[in-house]
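Chains, contacts and geometry: an overview
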Amino acid sequence: MGLASGSPTVDQGLKSELEKEGVVLTTLEQLYNWGRRSSIWPLQFGLACCAIEMIATACARYDIARFGAELFRPSPRQADLMIVAGTVTKKMTPQVVRLYNQMAEPKYVITMGACSIAGGPFKEGYNVLQGIDRFIPVDVHIPGCPPRPEALLDGLMKLQKKIDGQSIESAEWYQQGQKREFPIPAFGPKGLEPPYNPEVWKPREYEQKKQTEAEARKIHGTIHDPKQSAVSQ
Amino acid sequence: MIQLEEVKAELEKSLGVQTELSGSGLLVPKSRLLDVFKFLKENAKYQMDYISNLCAVDYLKQSQIEIVYHLYSMRNKTGPIGIKVRTDRQDCIVPSATPLFRGAEFQEREAFDLYGVKFEGHTDLRRILMWDGFEGFPMRKDYVHEDEDRYVEHP
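Residues numbered from 1 in each chain as written. Chains lettered and ligands numbered in written order. Predicted model: local features only at pLDDT ≥ 70, side-chain atom pairs only at ≥ 80, totals over all residues. Heavy atoms only, no water.

This next bit is on the overall build of chain A. When helices and strands are counted, chain A shows 8 helices and 5 strands. Going from the N terminus to the C terminus, chain A shows its helices and strands as α-α-α-β-α-β-α-β-α-β-β-α-α. Buried residues in chain A amount to 36% of all 233 residues. Considering only contacts within chain A whose residues lie at least 6 apart along the sequence, 76% involve residues at least 24 apart. By element, 55% of the accessible surface of chain A is carried by carbon and sulfur atoms, the whole surface being about 13800 Å². (Helix = DSSP H or I, 4+ residues; strand = E, 2+ residues; numbered from the N terminus. Buried < 20%, exposed > 50% of the residue type's maximum accessible area, 1.4 Å probe, protein only. Contact = heavy atoms within 4.5 Å. Areas by Shrake-Rupley, 256 points an atom, 1.4 Å probe, with all protein chains shown as cover.)

Laid out in structure tokens, this is it:
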């Protein structure tokens, strides 16, 4: 009989009482998550100025090694975490998505800085992708331009908290037949093709507009347009 | 410090080129551009042997594109002299400065990539920043980038 969900759990008070006596009680899941969250190896790559802050975080003063994440791996095959540190240009996007695809499961993504979240100061430009979350799923967003090393550490702690909450039974990458490979965009005449991966991301403005219009229809019957009513008067 | 008025008078005297003071540069007619460059490079007084900058400016209302060159002299430690040239926006052709100044090669490719200026005489004129299949010239003022039409005119 395996440990199914709903199986008896140990009372917290009893657990801490036993710990005082030198007996540690744990579950396989807790042990497993503890191991995973304590050795998150990031992928060693930086795209712009945020990478400098990432390097500072890895150095002695901020010391990312306290969280077990000091081993920046030069190969995606050995990395668990992708810190997208810097501006993702459209020309760079296929490589970033390909690197993500090459990482072994379980894998996590942190977007660091305004650029990789939404394009940052280059949002209105022709050459910068407006957020890497258009192509790959992101676990933690760290705003800032660039974020301080403390912010990156905070993001890492948030990620550790997220890992702690994951269950072996329901984690995406343990499901049978689950294939997590994300299509790599190609260069088109105006930009990337497709411009985003609809499985991962949808344009929010459009969705919101559709929703508010539907609500307006429910209340008024038609959409209230101040211009039209002015003409009819 | 080089006085532009002086250069203007010199060009008129030696080459017979009518130039025009424009900001902190000299506006040179397109047909005599290479002659002016050659004169400034080879003249013993100026010896402008180094091009530090080449960029394009889009004048949408006047339907013109202006190319701005900054010349320095490494020998005399003087400069810059700003040279400007204007061309039509539609058929945008300018003689290439690359045979005279090797440093202009990549900058001309950049101006071609982003503004669509065709440099006649450039040996390897292709896109440098955008990819080869890219259409249009994104730094022109009337360029519409892909996300603009997605957000504004989405059904």
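What follows picks up the thread again.
Residues and elements named next belong to chain A. If you walk across this open sheet you meet the 3 strands as S1-S2-S3, and the pairing is parallel. Bordering the open sheet on either side are strand S1 (81–85) and strand S3 (140–142), each of which pairs with just one other strand. Strand-to-strand twist across the sheet, computed as the mean angle between neighbouring axes with direction ignored, equals 15°. Across 3 bridges, strand S2 (residues 108–112) lies against S3 in parallel orientation. Looking at S3, one finds that Met112 is bridged to Ile142. (Pairing = 2+ DSSP bridges. Axes fitted to C-alpha atoms, helices over the stretch in contact; angles between N-to-C directions.)

Once that is clear, we can look at the packing of helix H1 (residues 4–14) of chain B against helix H2 (residues 33–42) of chain B. Residue and element names in this part refer to chain B. One way to put it is that H1 packs onto H2 with a least axis distance of 11 Å and a crossing angle of 110°. Put simply, H1 runs roughly perpendicular to H2. Between H1, through Val7, Glu10, Leu11 and Ser14, and H2, the contact on the second element is made entirely by Val36, Phe39 and Leu40. Of the residues that constitute the contact of H1 with H2, the class distribution is 5 nonpolar, 1 polar and 1 charged. (Parallel < 35°, antiparallel > 145°, perpendicular 65-115°, else oblique. Nonpolar A, V, L, I, M, F, W, Y, C, P; charged D, E, K, R; others polar.)

Scanning the model with the defined rule gives 15 salt bridges over all chains in all. For Glu150 of chain A, the salt bridge identified is with Arg148 of chain A, shortest N-O distance 3.3 Å. Here Arg148 of chain A falls in the partly exposed class, since its relative accessible area comes to 47%. The salt bridge involving Glu10 of chain B is made with Lys45 of chain B; its shortest N-O contact spans 3.8 Å. Separated by 35 residues along the polypeptide, Glu10 of chain B in helix H1 and Lys45 of chain B in the loop between H2 and strand S3 (50–59) bring together distant segments of the chain. (Salt bridge = Lys/Arg side-chain N within 4 Å of Asp/Glu carboxyl O.)

Residue and element names in this part refer to chain A. Buried residues of helix H4 (residues 93–102): Thr93, Pro94, Val96, Val97, Tyr100 and Asn101, and no others. When H4 is viewed along its axis, its buried side chains cluster within an angular range of 165° and face the same direction. Residues of H4 that are buried make contact with S1, S2, strand S4 (186–187) and strand S5 (192–193). (Arc of directions from axis to C-beta.)

With that settled, consider the pairing of S1 of chain A. Residues and elements named next belong to chain A. Counting buried positions over the 5 residues of S1 gives 5, a clear majority of the element. With burial as the criterion, each face of S1 is covered, one bearing Leu81, Ile83 and Ala85 and the other bearing Met82 and Val84. Where S1 meets S2, 5 bridges bridge the pair, whose relative direction is parallel. Bridge assignment links Ile83 to a residue of S2, and that residue is Ile110. What joins S1 to S2 is H4, and the crossover it makes is right-handed. (Right-handed = clockwise from strand over helix to strand, strands pointing away.)

Attention shifts here to the confidence of the model for chain B. A low pLDDT score tells you not to read the predicted coordinates there in detail. Mean pLDDT over chain B works out to 90, with 94% of the residues at or above the 70 mark. Both scores are given for the predicted complex: the pTM is 0.81, the ipTM 0.80. (pLDDT = per-residue confidence, 0-100.)

Now for the packing of aromatic side chains. Residue and element names in this part refer to chain A. Overall, the coordinates contain 8 aromatic pairs over all chains when judged by the stated rule. Ring geometry for Tyr100 versus Phe182: centroids 5.8 Å apart, planes at 50°, classification tilted. You can see Tyr100 sitting in helix H4 and its partner Phe182 sitting in the loop between helix H6 (149–164) and S4, a full 82 residues away along the chain. Of the two residues, Tyr100 and Phe182, both sit in the buried class. (Phe/Tyr/Trp six-rings, centres within 6.5 Å; stacked < 30°, edge-to-face > 60°.)

Turning our attention to the environment of Met157 of chain A. Residue and element names in this part refer to chain A. Relative to the helices and strands, Met157 is located in helix H6. Judged by relative accessible area, Met157 falls into the partly exposed class, the value being 39%. Sequence spacing of Met157 and Gln30 is 127 residues, and the spatial spacing of their C-alpha atoms is 17 Å.

Between chain A and chain B, the residue contacts involve 20 residues of the former and 19 residues of the latter. Here chain A and chain B share an interface that buries about 1800 Å² over both sides, 55% of which is from carbon and sulfur atoms. Taken as a group, Tyr126, Pro189 and Lys190 of chain A account for 38% of the area that chain A buries against chain B, more than any other trio of residues on that side. Linking chain A with chain B are 4 residue pairs in polar contact (both at pLDDT 80 or more), by the criterion used here. The residue makeup of the side of chain A that touches chain B, split by class, is 9 nonpolar, 4 polar and 7 charged. (Buried area = accessible area lost by both parts, 1.4 Å probe. Polar contact = N/O pair within 3.5 Å; in protein donor to acceptor, adjacent residues only side chain to side chain.)

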